[in-house]
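Chain and residue survey
Spelled out, the chains give:
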Amino acid sequence: MRVGDRRAALALAGLLAVAGCQSGGGDGGKDDGKGAALSVVPADGAGDVRPDQPVVVTADGEKITEVAVTADGEKAEGDLSADAKSWRTRWTLAPGTRYQVVARTEKGTSVTSAFTTLKPAKTIGTSIVGPEDGGTAGVGMPIILNFNTPVYNQDEVLKALDLKMSEQVEGAWRWVSRQQLVYRPRAYWPSGQKIKLVAHLKGVRAAKDTYGTRDLSYGFTVGDAVVSTVDTRTHTMTVRRNGKIVRKIPISAGRATKRAYTTTNGIHLTMERAERVVADSATVGIPKGDPEYYRLDLKWAVRISNSGEYVHAAPWSVGSQGNANVSHGCVNASDADARWFYDQSVPGNIVIVTGTDRELEWNNGWGFWQVPWAEWSADSAMEQPAGVPSTPAPATG
């Protein structure tokens, strides 16, 4: 071999040796060049990264021992593969945020990188309806998520929900509209059950160019099984706590001279309560000057539907309580009985009304127990009954 050829061969061998030592940033990242290739996706320096795309770290020839994906002092959760050759984030990332990535292998190879997620054109907000976080709920309490704009990527939202319970029971999430998602167990919750939901919605792409911007954490404890049965034929409400009768209350239900004055039949839930509400017929289409116009001050009122039905005190109908139905659709009781019922009510207690021909619509308030389990748990759309208030209506009286 000539000297010039030999020098060229040695130079080429040196270049190959250098290339073989590169541990490789792959799609992104800077490594220390100690042996194994570590790669990070998204690439180092990337901008406008979709927050619903995972951060993935892969190793070639070594096992990953550490990965930290951080932003503003918070560390993103992630999962290492069984062979320790890859790692990826578990949940979506925060929009409009700069992230730093540091990864290491068992032999000390490391890689660092940084990227920035996109700032979304539109955002979506989420709220939960029910008792206060950490409060007490009745055995019928569903988990209700409300969104302030329609959700079209519904599966992506569902994947972001981490629901834990102290005693595992069968249940299912159900989209009841584009803006409301509800979880209901197959049977009533067991008393003492602890429910905890973490909705990892920050970075979830809920619709085109629309992302969540914050996570949501919420929980409650299930209290005693309080089930009240209103029999409109015997004009009595029987209240049971954990299966034992604790009070029988004379009541007067809707007079049923028209549909609006007929108490709805079926499984209701106690929704909210107030020491005083006003029942004004003008809010339900009976204005001042109409022979049937009324305005009543209701005390110790517990709402059981969106169509204005309450259990409340009605001293004006005490003579009919236990004997006749004379209300405009509410369940009337004496001051003492209504105050007692008010004091023991928490969101999600069961109120079953029997004996009328007006069935409670499943989406009238929290009427979700009106839906048979087979239908609730099926992967199909639910028909929306017409004429049902989507927000609570004033009391009927």
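These numbers were taken from a predicted model, which means no experiment stands behind them.

Observations regarding the nonpolar core
Counting 43 residues, the largest nonpolar core has Phe 147, Val 157 and Phe 220 as the members making the most contacts within it. Residue assignment for this core shows that the elements contributing at least two residues are strand E13 (143–147), strand E14 (161–165), strand E15 (171–177), strand E16 (180–185), strand E17 (194–199), strand E20 (216–222), strand E24 (266–269) and helix H4 (373–376). Ignoring sequence-local partners within four residues, the contact set of Phe 147 consists of Ile 124, Gly 125, Thr 126, Val 157, Trp 175, Gln 179, Gln 180, Leu 181 and Leu 201.

Here we look at the pairing of strand E8 (residues 98–105)
Of the two faces of E8, the one lined by Tyr 99, Val 101, Ala 103 and Thr 105 is fully buried and the one lined by Arg 98, Gln 100, Val 102 and Arg 104 carries no buried residue. In the sheet, strand E4 (residues 64–71) pairs with E8 via 6 bridges, with the strands oriented antiparallel. Within the sheet, the bridge partner assigned to Ile 64 lies in E8 and is Thr 105. Of the strand pairs in this sheet, E8 and strand E9 (residues 110–116) are connected by 7 bridges, and their pairing is antiparallel. For Arg 98, the partnering residue across the bridge sits in E9 and is Thr 116. Counting the residues in the hairpin turn of E8 and E9 gives 4 residues, including Gly 108, whose phi is positive at 95°.

Considering the sheet that holds strand E18 (residues 205–207)
In spatial order, the strands read E10-E19-E18; together these 3 strands make up an open sheet with mixed pairing. Looking at strand neighbours, the two that pair on one side only are strand E10 (122–124) and E18, the edges of this open sheet. Across the sheet, the mean angle from the axis of one strand to that of its neighbour is 45°, orientation sign disregarded. Of the strand pairs in this sheet, E10 and strand E19 (residues 210–212) are connected by 3 bridges, and their pairing is parallel.

Digging into the confidence of the model for the chain
Put simply, the chain has an average pLDDT of 90, and 88% of its residues get 70 or more. When the criterion is pLDDT under 50, residues 1–27 qualifies, and its contacts beyond four places in sequence or with other chains add up to 28 contacts.

Some thoughts on the environment of Lys 122
When you line up the elements, Lys 122 lands in strand E10. The residues touching Lys 122, leaving out its near neighbours within four places in the chain, are Lys 208, Asp 209, Thr 210 and Tyr 211.

A word on the pairing of strand E21 (residues 226–231)
E21 sits mainly inside the fold: 5 of its 6 residues count as buried. Taken together, the 6 bridges between E21 and strand E22 (residues 236–241) define a ladder with antiparallel strand orientation. By the bridge assignment, Val 226 is partnered in E22 with Arg 241. Here E21 folds back onto E22, and the loop between the two strands holds 4 residues, one of which, His 235, carries a positive phi near 60°. Examined bridge by bridge, E21 and strand E29 (residues 350–354) share 5 bridges and lie parallel to one another.

Re the sheet that holds strand E3 (residues 56–60)
Taken together, 4 strands build an open sheet; the order of strands is E2-E3-E7-E6 and the sheet is antiparallel. Two strands bound the open sheet, and with one partner strand each, they are strand E2 (37–41) and strand E6 (78–80). Across the sheet, the mean angle from the axis of one strand to that of its neighbour is 10°, orientation sign disregarded. As paired strands, E2 and E3 are joined by 5 bridges and run antiparallel to one another.

So, how was this worked out
- Residues numbered from 1 in each chain as written.
- Predicted model: local features only at pLDDT ≥ 70, side-chain atom pairs only at ≥ 80, totals over all residues.
- Heavy atoms only, no water.
- Core = buried A, V, L, I, M, F, W, Y, C linked by side-chain atoms within 4.5 Å.
- Buried < 20%, exposed > 50% of the residue type's maximum accessible area, 1.4 Å probe, protein only.
- Helix = DSSP H or I, 4+ residues; strand = E, 2+ residues; numbered from the N terminus.
- Contact = heavy atoms within 4.5 Å.
- Pairing = 2+ DSSP bridges.
- Axes fitted to C-alpha atoms, helices over the stretch in contact; angles between N-to-C directions.
- pLDDT = per-residue confidence, 0-100.

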